[in-house]
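# Residue-level structure breakdown
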Amino acid sequence: MTFLEHLNQSDEARMIRDTAARWAGGIADEAVRASKGFSADRWAEMADMGWLGILAGEDQGGLGMGAAEAAILAGAMGGAKLPEPFIASALVAAGALTRLPGAAAEVLLADIAAGQTIAAPAGFGLPCDSDAPCPTASADGDALVISGEVTLCEAGPATGVFLLRTGGAETGLVRLDRDAPGLVVTPYRAVDGRHLARLVLVQVRVPAEAILGRGAGAEAALAHAEALAVAALCADAVGTMDRALALTATYLNEREQFGRKLASFQSLRHLTADMMVEIEFARSMADLAAFGCDGIEAPGELLDRARARVCRAAKLVGETSIQLHGGMGMTDEMAIGHYFRRLIFLQAMLGQEAGALRRRARALAAEVAA
Amino acid sequence: MTFLEHLNQSDEARMIRDTAARWAGGIADEAVRASKGFSADRWAEMADMGWLGILAGEDQGGLGMGAAEAAILAGAMGGAKLPEPFIASALVAAGALTRLPGAAAEVLLADIAAGQTIAAPAGFGLPCDSDAPCPTASADGDALVISGEVTLCEAGPATGVFLLRTGGAETGLVRLDRDAPGLVVTPYRAVDGRHLARLVLVQVRVPAEAILGRGAGAEAALAHAEALAVAALCADAVGTMDRALALTATYLNEREQFGRKLASFQSLRHLTADMMVEIEFARSMADLAAFGCDGIEAPGELLDRARARVCRAAKLVGETSIQLHGGMGMTDEMAIGHYFRRLIFLQAMLGQEAGALRRRARALAAEVAA
Amino acid sequence: MKDGPKPGQADHIDLLLDDDLRAFRRDVRAFLGAAVPPETRERVDNGYAATKPEIVAFLKILATRGWVAPGWSREHGGPGWTQLQRFVFNLELARSGAPTVPPFGTSMVGPVLYTFGSAEQKARYLPGILSGEDFWCQGFSEPGAGSDLASLRTRAEDRGDHYLLNGQKIWTSKAQYADRIFLLARTDEGERKQHGISFFVLDMETPGIEVKPIISIDMNHSLNEVFFTDVKIPRDGLVGERGKGWDYAKFLLGNERTGITNVGRCRNQIERLKRLARARGLGSDGAFLTELARVEADLTAMEITEIRLLSAGPGAPSALTGPSILKLQSAQIQQTLQAMIVTALGPMAAARGGEFLSAFEDLDGLPPGFFDGAVGEYLFGRAASIYGGTNQIQRDILAKMALDGRA
Amino acid sequence: MKDGPKPGQADHIDLLLDDDLRAFRRDVRAFLGAAVPPETRERVDNGYAATKPEIVAFLKILATRGWVAPGWSREHGGPGWTQLQRFVFNLELARSGAPTVPPFGTSMVGPVLYTFGSAEQKARYLPGILSGEDFWCQGFSEPGAGSDLASLRTRAEDRGDHYLLNGQKIWTSKAQYADRIFLLARTDEGERKQHGISFFVLDMETPGIEVKPIISIDMNHSLNEVFFTDVKIPRDGLVGERGKGWDYAKFLLGNERTGITNVGRCRNQIERLKRLARARGLGSDGAFLTELARVEADLTAMEITEIRLLSAGPGAPSALTGPSILKLQSAQIQQTLQAMIVTALGPMAAARGGEFLSAFEDLDGLPPGFFDGAVGEYLFGRAASIYGGTNQIQRDILAKMALDGRA
C-alpha cells in the first residue's frame, strides 16, 4: 500500500469511520463522567462491533484490519473522551500478539477480541519510549522467574492479563495473569481519570506456555506494538483536539462580553485559527504514523517526528481552548477541561515533545560533528 | 551607588537625556541616509557636546561620567539610527582606556574625547563574546610583533586607531595606528549600512610606547569595556525599538484597509501590545546592564542575561514592526526597515540570544549534574 | 558588597539593594525560616494550595511582627514599608514556602475601607484583617460577565433601613473559608453601565447567602459560586458613596495588579526544575538547559521591571502600562515554568490523585507529591492568563495607550 | 521499497510514493541535475534571486522536456501531471538549485487565459508562456489597498476601440524584466466594490507605462511600482467578460496558494543549517539541534499536509481551509529557518554587501556569499507572512470557517 492509497480510505475503513462516529457521537458527557474510568457496557458494545478484534485475524474472531482502521477508532475514542483501555488492550497488546507465533498468543488474541479478557501492555508502548528499566527475567528450567517494577501501566480493575516485556537474561514478552503469585498491582488514576496501575513483581514464576516470544521475534512484535501505540495515541489526540475545537467554537458563539459575541473578537478568532492549523498538522502526522505501522519497514524516525509534532499541537490546542473558555474553562463542570486533561495524558504517553525529539537531536549531533 | 539610585537619574543624567533627545530628535531620516555611514559634521557636534569624552576624566577633557549616562547617549543614537561609531570609539575603546594607567592611554583618551581621533576596539567588545581567535603577539626586544586577523571591527575611513587585543605569548592591549606597516584594513559594510572592516596583520611591529596594558591589568580593562559594550548595545537597542514602536503606531493610525484604520484591528493592536511588553523588559535589562558596569564587581552572568533578553526583544520587535507595516515595511523607502536592520546588527554584536545563553546553559549543566 | 551573594550565584537581588534593604531582607528571611512548618513548606513548594488552618496559623505568627498587611501605612496599623520592602518581603515569603496569604482582606478590601470607609467601618473591620482573624472573599465577577465587570446584574435594592440583595457571584475564591465578603451590586440604573454600582461589605453568616463549590480543572475546590436570595445588608454595609462602587473597584484592582508577578514562586520553580533535572538526568539535555537559562533571564527582567515600576511611583507614565505588562509577562513566565516542569516529568505527568500519592514512596528519588502537585499547578495555572483580566484584556489596555494615546 | 532511501535518511518522500512516482522522481532529478549550472546552483542555494538570464536559460532547457508549465494539462500544451507529480517536481526543482521560476505566466495568467480567454488570446499568449520566452508580471496590488484588492482604483475607461488605462500598481515583482503584464482595473462602478473590475493583458512596451523600482529591505530590486498614464489597451486585451475580473482573480489566487509552501527550499535550508552547524561547531549545541529536529518535524508535517490536501482534490472540505493553513505554516517554517540560519551565523550576521563578499575568501570555511545571502533571504523573507494575504488575513479566513460556518 502506498501513502496515497492509505489516504484514500477503503470502503471498509469508511464504514468503520461512520459507525464509530455515530456510536461515539451518541455518548453523552454525563455518561462518560458517570462511568468513572470504565464502562463494562461500553466495552461490551465495542466487543459486539468487533472493534476489540480489529487487528486480530479472522481465525481469532477478529476483523483482520490494519493500523489505518485502528487509528480511526482511536480517533473516535478521543472525540468522546472515553476512558476505556481500548488502545492498550485492543491495539497495543493485541497488535503485539498478532506478530507472535504460537497458540498462547492466538488464544489470548481471541479472548481480547471477544471482550473476555482485557490485556495491558506492561513495559512497552504505553508510555512510548519509557526510560524506566524493564523487570528482569531469568530462566528456571523452562519457566521464567521475574522480578522488578513497571511504574505505569494502563490497567484497571477489569484488566485480567498483562503483556510484560522482560529484560535481563531473558528478554522477551510474557503473559502475566493478574493473580500470579508475587505480583502486586497497585491502582491509581490518570490525570484524565482513567485507570492506571503500578506493578511490582517479586520472583514471579511464569511457566513455559506463558512465554509469548523471545529475542528477535519478540523485538519485532514489540516494535510493531510501539508503532501502533504512537499511531493510536496520535489519532486519539487528533480526535480529542477536533472536539476541543468544536466545543470552543460553540462556546465563543454562545457567550457575550462587552455586549458582543465572543466569536466577534478578532484576537479570539485568530487563536481559534491557530488551533485549526495545529490540528491539521497533527492530523497529517497521525495519518503518517498510521501508515508507518504497516507501510514502512523501519518507521522509527518518522514516528518520532509524528509524536513530537502531535505533542506540540496537543499542548497548544489544549491550553488555547481553556484560554478561550475563560473562567468557565477553569471548571470541571465544562467538558473542555476533560479534553485538556486527556491531551495532557496523551502527551505524557507519547513521551512529551521534548522526549520525542531527543533521539533525532542526537542523530543530528552525530551528523553535524562528522 | 545602589540600583535604586541608578534608576533615579541624577540631574546631570537628566540634562544629558534631554539634550540628547532634542539633538537626536532633530536629525531627519534623509540626513542619516545621505551620510552613507558617517557624518563628520554630526561627529563634530558630538565632540562639541562633550559626548565623545563622556567616560574620559576631566583631565583628559572628558565629562567623567559613568555607564548610566553613556547608555542614555547610546539610546539616543539608536532612536535616530545614527551610523557613527559612537559606541565603538567613545564608549568601548575609551572605556577600556579609562582603566589603563600610563601616558599612552591618557593621550589617546584625550584625542578621542576631543574628536581628533576615532578609535575602534579590535578583538573585544564589538562583537561581544567573539569566538574568533585574537591576533597573536610575541616580544621583540621591548616591542611586540603581531600577526593574525580580526574579521569584524567597527571601523570606517575616518577611524585612525585600533585598540587591539592580543593573544599568544603576549596577551594585552595595544594601540595600532591605521597606517602601521603590515596592517591591511579591508572595508565593508554592516547590514544597517555602517562601516566595518577586516584587519589582517602580518608581522606588525608595535613599539613599547604603544603597549597600553598587559596581563591582569589589561584583562580588567577589557572586562570593563566588554561590560560597557553590552550596556551600550542594549541601550541602543531599546532606543531603536522605542522608535520602531512609535513609527508602527503612527503607521497603523494613518493607514486604512477594508475601510477601517489599521489601528482598529484587534489582532494588530495585540501585536503592538506585545511589542510594548518586549520593549519594557528590554529596558529593564538595559538598565541592569548599565548598572552592572559600575555597580557590580563581576557582572558577567547578569550581562549575559541582559543581552539574551534584549536580543529576544529586538528580534520580536523588529520582525513585528515589519509585519505591521505590511508591504510598505518591505521597502527601503520606509524608515522602519532601517530600524529592523539596525536591530539585526545589534543582535549580531550582542552575540545573538543563543550565544548569550550558552555560558549559563553550561553552568546549569554542571549544577544539575552535581 | 560584602553582604551580597557571590558573583555568579543565582540570586541577584542583593546586588541591587542598599545595605538597609539587605539587612531587612536578612531579618525577614530569618523570621520566616522559623515561622513556616516544614510540612507546610513542602506542600506549598510542591504546588498545593495551603489549607485554611495552615493559613490561619501562619497569619497568627505574622501578626506578632505586624506583618499581615505589608502594604499598609503605619497610620492604618501596617508596617509602613516602602514598595521595595514589600517586593523583598514577597520574595522571601515565597522562598520560605509560606502559605499564599489571600489578598482579599489585606490588599483588596482593606485599602478600600481605610481610604473610603467610615470611621465605624474602619474600627469594625480593620483590626480583624490586621490580626489575620477575619477571612474575606471577593464578590465581583458574575456569570456571563467575565472580564466585563460593568455588566454585573446583582442588585441591592434600597429598603430604607437596609439594602435587599439578590443575585449571584462566581469565581469567589476561598468563599468556603470566608467570614466576610465585599461585593459590587447595582443600586441604581446609570446612563453608562459603570454608573449606579455600589460597594458593600457583609458577613458571610447573613441569612440568604449560599456558597456552592466550583470544582476546578485541577479537581480541587478553591472557587465558588455565591448566591444571594433576599439578603439584608445593613445600611452601614455600604462603603463610601452610593453609586461609586465602580471607582472603588478600579482603585482596588489597581492595588491587586502590583502584587501578582509571583516572582518569588517563579524562583522556587526554577530551583524545582533543577532538582527535577538532577533526578531525571536532564543534565545533558542542552535544549532543556537553554530553555531554563532563557526563563531565568526572563525572570530577572521581570524582577527588574517590577522594581523599576515600583520605584517610579504611581505618578510615572509607566504606572499606566506597568500593571498590564507585568500581568502579561508574569502569566507567561509562570505558565512556562509550570509547563516545563510537567514536560520534564516525562510519562509520569500522566498520573494524579490520592491513590497515586500512596502508590509510590518516591519516583526517581522525588516524592510523588512533586509530580502530582506539579500537574495540579499546571492545570490551575491556566488561570494566570484569565483571572484579573485575561491576556487579551491586558493587550487591549496596552494597545489603547500605544495607539489611541489614552488609558 | 528497494528504491527508497535507507531508513533513517532524511528524505521520507520516497516512502510515501508508489513505484511510478519514484521513477518519475528519478527522471526529474537526473534531468535537473544536468540542467542547472553550478554557479546558478550555488547562488540560488545561498538565497539569492536568480537573474533574468539565468531564468531564461533555464526555462529554455525545461522547454525541451515541455516542463515549463507543470500545472497545465496536455490539452493546453502542458505535461498533464497529477498534483503529486507537481509536488515531486517542485521538490526536485528546489533540490537542484534551479532558479525560482516566476509563477506569473505559468501559474497565474496562463490558467486564466486557457480557462476564460478567447481563442485568439490563447493562440497569441500561451505559446510564449510554454516556451519560457515571454516574461510576465502581475498588476493587482495598489498603493493603500494591500490585502484589500477589491478597493483598487486603477481605471480602464471604455473608449470604443480601446480601453484607456490610468492608475498605479505596486509590489509588481520582476516588472523590470517583464514583456507583458496582466492586471485588474475598474471598468464600471458596481454596487459592491468587487463588481465592475475587469481583467486585462497588455504588452509592457505599450506607451504610457512607466516602471519604477522599489528597493526592498534586503537592498535588492525585485519589486516595482508600475504607473499607467493614458495607456491604450486594445479591445482584445480584455480577458473573459467585462466586470468579471474579480472572479478571475480569485480563480488565479486559488492556483497561486497551492504552490507556495516552498517545501523544497525549506529542505535545502535544513541542509544549509547542518552545513553551517558543522562549520561553526554547533554539534554540541543541544538547543540548536533540538530546534533543528523540531523544524524538521514541522516540515514533514507540512509535506504530508500538502500531499494530503493535493490528493483530496478541490471538492474536499479541506480545499477551503487548506490554502490558508499551508500559507500560514509555510510562512512560519520558512521564516523560522531563515532566522535560525542568521542566528547561527553569529556575529558575522552583522555584515552585508559587495565589499563584504570580496573582503573574505571564506569565513569558517564557508563562502561569504553564504552569510550575505542568508541575511538577505531573512530580510526579504519577512514578505512570506505579508504577500498573498498577510498572516492576519489567513487567520481571518480560517476563523470564518470555524466560527461563522462559512468560507
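Residues numbered from 1 in each chain as written. Chains lettered and ligands numbered in written order. Predicted model: local features only at pLDDT ≥ 70, side-chain atom pairs only at ≥ 80, totals over all residues. Heavy atoms only, no water.

- The name an unreviewed UniProt entry assigns to chain C is Pilus assembly protein CpaB, from the organism Pararhodobacter aggregans.
- Database annotation for chain C, UniProt heading Sequence similarities (unreviewed entry): "Belongs to the acyl-CoA dehydrogenase family."
- The Cofactor (unreviewed entry) field of the UniProt record for chain C holds the comment "FAD". (UniProt positions renumbered as here; feature names shortened; annotations may be inferred.)

- Chain A appears in an unreviewed UniProt entry as Acyl-CoA dehydrogenase from Pararhodobacter aggregans.
- On record in UniProt, under Cofactor (unreviewed entry), the comment for chain A is "FAD".
- Under the UniProt heading Sequence similarities (unreviewed entry), the entry covering chain A gives this text: "Belongs to the acyl-CoA dehydrogenase family."

## Quick look at the overall build of chain C
- Summing up its helical and strand segments, chain C has 14 helices and 9 strands in all.
- The C-alpha radius of gyration of chain C comes to 22 Å, within 12% of the 22 Å expected for a compact globule of 407 residues.
- The dimensions of chain C, computed from C-alpha atoms along their principal axes, are 70 × 50 × 50 Å.
- Evaluated residue by residue, chain C yields a buried proportion of 59% over its 407 residues.
- For chain C, the proportion of contacts with a sequence separation of at least 24, taken over those separated by at least 6, is 71%.
- Accessible surface for chain C amounts to roughly 15400 Å². Of this, 51% is attributable to carbon and sulfur atoms.
- With 47 positive and 50 negative side-chain charges, chain C shows a spacing of 3 Å between the two charge centroids. (Helix = DSSP H or I, 4+ residues; strand = E, 2+ residues; numbered from the N terminus. Rg over C-alpha atoms; globule rule 2.2 N^0.38 Å. Buried < 20%, exposed > 50% of the residue type's maximum accessible area, 1.4 Å probe, protein only. Contact = heavy atoms within 4.5 Å. Areas by Shrake-Rupley, 256 points an atom, 1.4 Å probe, with all protein chains shown as cover. Lys, Arg positive; Asp, Glu negative; His and termini not counted. Charge placed at Lys NZ, Arg CZ, Asp CG, Glu CD.)

## Some words on the interface of chain C and chain A
- Facing the 43 residues of chain C at the interface are 43 residues of chain A.
- Carbon and sulfur atoms make up 63% of the area that chain C and chain A hide from each other, which totals about 3400 Å².
- In terms of surface lost to chain A, no three residues of chain C exceed Ile217, Pro347 and Ala350 of chain C, which account for 17% of the buried area on that side.
- Of all elements in the fold, only strand 6 (209-215), helix 11 (318-345), strand 9 (351-352), helix 12 (354-359), helix 13 (368-381) and helix 14 (391-403) of chain C reach the threshold of two or more residues within the side of chain C that touches chain A.
- Among the elements that take part in the side of chain C that touches chain A, helix 13 of chain C stands out by supplying 4 residues, more than any other.
- Considering only residue class, the side of chain C that touches chain A consists of 26 nonpolar, 10 polar and 7 charged.
- Examined bridge by bridge, strand 6 (residues 183-190) of chain A and strand 9 of chain C share 2 bridges and lie antiparallel to one another. Across the sheet, the residue bridging to alanine 190 of chain A is alanine 351 of chain C, located in strand 9 of chain C. (Buried area = accessible area lost by both parts, 1.4 Å probe. Nonpolar A, V, L, I, M, F, W, Y, C, P; charged D, E, K, R; others polar. Pairing = 2+ DSSP bridges.)

## Comments concerning the UniProt feature "domain: Acyl-CoA dehydrogenase/oxidase C-terminal" (unreviewed entry) in chain A
- Under the UniProt annotation, "domain: Acyl-CoA dehydrogenase/oxidase C-terminal" (unreviewed entry) lies at residues 232-362 of chain A.
- Split by type, residues 232-362 of chain A is 83% helix and 3% strand. Its first and last C-alpha atoms lie 26 Å apart.

## Considering the interface of chain A and chain D
- Every contact between the two is made by 44 residues of chain A and, on the other side, 47 residues of chain D.
- Carbon and sulfur atoms supply 66% of the area that chain A and chain D bury against each other, a total of about 4100 Å² over both sides.
- For chain A, the biggest contributors to the area lost against chain D are Arg269, Phe281 and Val368 of chain A; these three give 16% of the whole.
- For aspartate 298 of chain D, the salt bridge identified is with arginine 309 of chain A, shortest N-O distance 2.5 Å.
- Applying the counting rule to chain A against chain D returns 19 residue pairs in polar contact (both at pLDDT 80 or more).
- Tallying contributions element by element places helix 9 (residues 266-295) of chain A first for the side of chain A that touches chain D, with 18 residues.
- Here the residues of the side of chain A that touches chain D are counted per class, giving 22 nonpolar, 8 polar and 14 charged. (Salt bridge = Lys/Arg side-chain N within 4 Å of Asp/Glu carboxyl O. Polar contact = N/O pair within 3.5 Å; in protein donor to acceptor, adjacent residues only side chain to side chain.)

## Considerations on the nonpolar core
- Within the largest apolar cluster, 427 residues are counted, with the highest numbers of intra-cluster contacts made by Phe86 of chain A together with Phe86 of chain B.
- Among the elements that line this core, the one with the most residues is helix 8 (residues 215-254) of chain A, at 22 residues.
- Not counting chain neighbours up to four residues away, the residues in contact with phenylalanine 86 of chain B comprise Trp43, Met46, Trp51, Leu52, Ala70, Leu73, Ala74, Met77 and Leu91 of chain B.
- By size, the runner-up hydrophobic cluster in this structure holds 27 residues, among which are Val109, Tyr114, Leu126 and Tyr248 of chain D. (Core = buried A, V, L, I, M, F, W, Y, C linked by side-chain atoms within 4.5 Å.)

## Looking at the UniProt feature "domain: Acyl-CoA dehydrogenase/oxidase N-terminal" (unreviewed entry) in chain C
- The sites that carry the UniProt feature "domain: Acyl-CoA dehydrogenase/oxidase N-terminal" (unreviewed entry) are, in the present numbering, residues 19-133 of chain C.
- Between the first and last C-alpha atoms of residues 19-133 of chain C the distance is 34 Å; the span itself is 69% helix and 0% strand.

## Some words on the pattern of salt bridges
- Enumeration over the complete set of coordinates arrives at 120 salt bridges over all chains.
- A salt bridge links arginine 294 of chain C to glutamate 353 of chain B; the shortest N-O distance between them is 2.8 Å. Taken as a pair, arginine 294 of chain C in helix 10 (residues 286-312) and glutamate 353 of chain B in helix 12 (residues 352-369) lie in two separate chains rather than in one.
- On the accessibility criterion, arginine 294 of chain C (24% relative accessible area) is partly exposed.
- A salt bridge links glutamate 54 of chain D to arginine 43 of chain D; the shortest N-O distance between them is 3.6 Å. Taken together, the residues span a long stretch of sequence, with glutamate 54 of chain D in helix 4 (residues 52-65) and arginine 43 of chain D in helix 3 (residues 38-45) at a distance of 11 residues.
- With a relative accessible area of 31%, arginine 43 of chain D lands in the partly exposed category.
- The network of salt bridges with common partners includes Glu278, Arg309, Arg312 and Glu353 of chain A together with Glu291, Arg294 and Asp298 of chain D.

## Focus: the environment of glutamine 394 of chain C
Residue and element names in this part refer to chain C.
- Positionally, glutamine 394 belongs in helix 14.
- The exposure class of glutamine 394 is buried, given its relative accessible area of 0%.
- Residues glutamine 394 and leucine 328 lie 66 residues apart in sequence; the distance between their C-alpha atoms is 6.9 Å.

## Remarks on the domain arrangement of chain C
Residue and element names in this part refer to chain C.
- For chain C, the domain assignment lists domain 1 (12-101), domain 2 (136-243) and domain 3 (257-404).
- One C-alpha centre belongs to domain 1, the other to domain 3; they are set 20 Å apart.
- Tallying the contact residues gives 15 residues for domain 1 and 21 residues for domain 3.
- Note on domain 1 versus domain 3: buried area summed over both sides is about 1600 Å², and carbon and sulfur give 57% of it.
- For the pair domain 1 and domain 3, the number of links is 1 salt bridge.
- Note that aspartate 45 is salt-bridged to arginine 265, the shortest N-O span being 3.8 Å.
- Those elements giving two or more residues to the side of domain 1 that touches domain 3 turn out to be helix 1 (13-16), helix 3 (38-45) and helix 5 (83-95).
- Of the residues forming the side of domain 1 that touches domain 3, the biggest block, 6 residues, is contributed by helix 5. (Domains from an automatic or database assignment.)

## Things to note about the environment of leucine 289 of chain D
- Among the structural elements, leucine 289 of chain D can be located in helix 10 (residues 286-312).
- Residue class for leucine 289 of chain D comes out buried when judged on its relative accessible area of 3%.
- Sequence separation between leucine 289 of chain D and leucine 165 of chain D is 124 residues; the distance between their C-alpha atoms is 55 Å.
- Excluding residues within four positions of it along the chain, leucine 289 of chain D makes contact with Ala361, Leu364, Ala365 and Val368 of chain A together with Leu282 and Gly283 of chain D.

## Overview of helix 5 (residues 83-95) of chain D
- The terminal C-alpha atoms of helix 5 of chain D, which comprises 13 residues, lie 18 Å apart, in line with the 18 Å expected from a rise of 1.5 Å per residue.
- Three or more residues of helix 5 of chain D are buried, namely Leu84, Gln85, Phe87, Val88, Phe89, Leu91, Glu92, Leu93 and Ala94 of chain D.
- Of the surrounding secondary structure, the elements contacted by the buried residues of helix 5 of chain D are helix 1 (3-7) of chain A together with helix 1 (13-16), helix 2 (19-35), helix 4, helix 9 (263-279) and helix 10 of chain D. (Expected span 1.5 Å × (residues − 1).)

## Some remarks on the packing of aromatic side chains
- Under the criterion given, the structure shown has 50 aromatic pairs over all chains.
- Between phenylalanine 135 of chain C and tyrosine 177 of chain C, the ring centres sit 5.7 Å apart and the planes meet at 80°, which makes this aromatic pair edge-to-face. In this pair, phenylalanine 135 of chain C is assigned in the loop between helix 7 (119-131) and strand 1 (136-139) and tyrosine 177 of chain C in the loop between strand 3 (162-169) and strand 4 (180-186), connecting sequence segments 42 residues apart.
- A residue is classified by how much of its surface remains accessible, and phenylalanine 135 of chain C, at 5% relative accessible area, is buried.
- By relative accessible area, tyrosine 177 of chain C is classed as partly exposed at 22%.
- Centroid distance tyrosine 125 of chain D to tryptophan 136 of chain D: 5.5 Å. Interplanar angle 70°. Geometry classified as edge-to-face. Of this pair, tyrosine 125 of chain D sits in helix 7 (residues 119-130) while tryptophan 136 of chain D sits in strand 1 (residues 136-139); the two residues are 11 residues apart in sequence, bridging distant segments of the chain. Here tyrosine 125 of chain D and tryptophan 136 of chain D have matching classes, each one buried.
- Each member of the aromatic cluster is reached from another via a ring pair, and the members are Phe116, Tyr125, Trp136, Phe140, Phe182, Phe199, Tyr248 and Phe251 of chain C.
- Cation over ring: arginine 65 of chain C sits above phenylalanine 31 of chain C, and NZ or CZ is 5.2 Å from the ring centre.
- Lysine 212 of chain C extends its terminal NZ or CZ atom over the ring of phenylalanine 227 of chain C, reaching a point 4.9 Å from the ring centre. (Phe/Tyr/Trp six-rings, centres within 6.5 Å; stacked < 30°, edge-to-face > 60°. Lys NZ or Arg CZ within 6 Å of the ring centre and 35° of its normal.)

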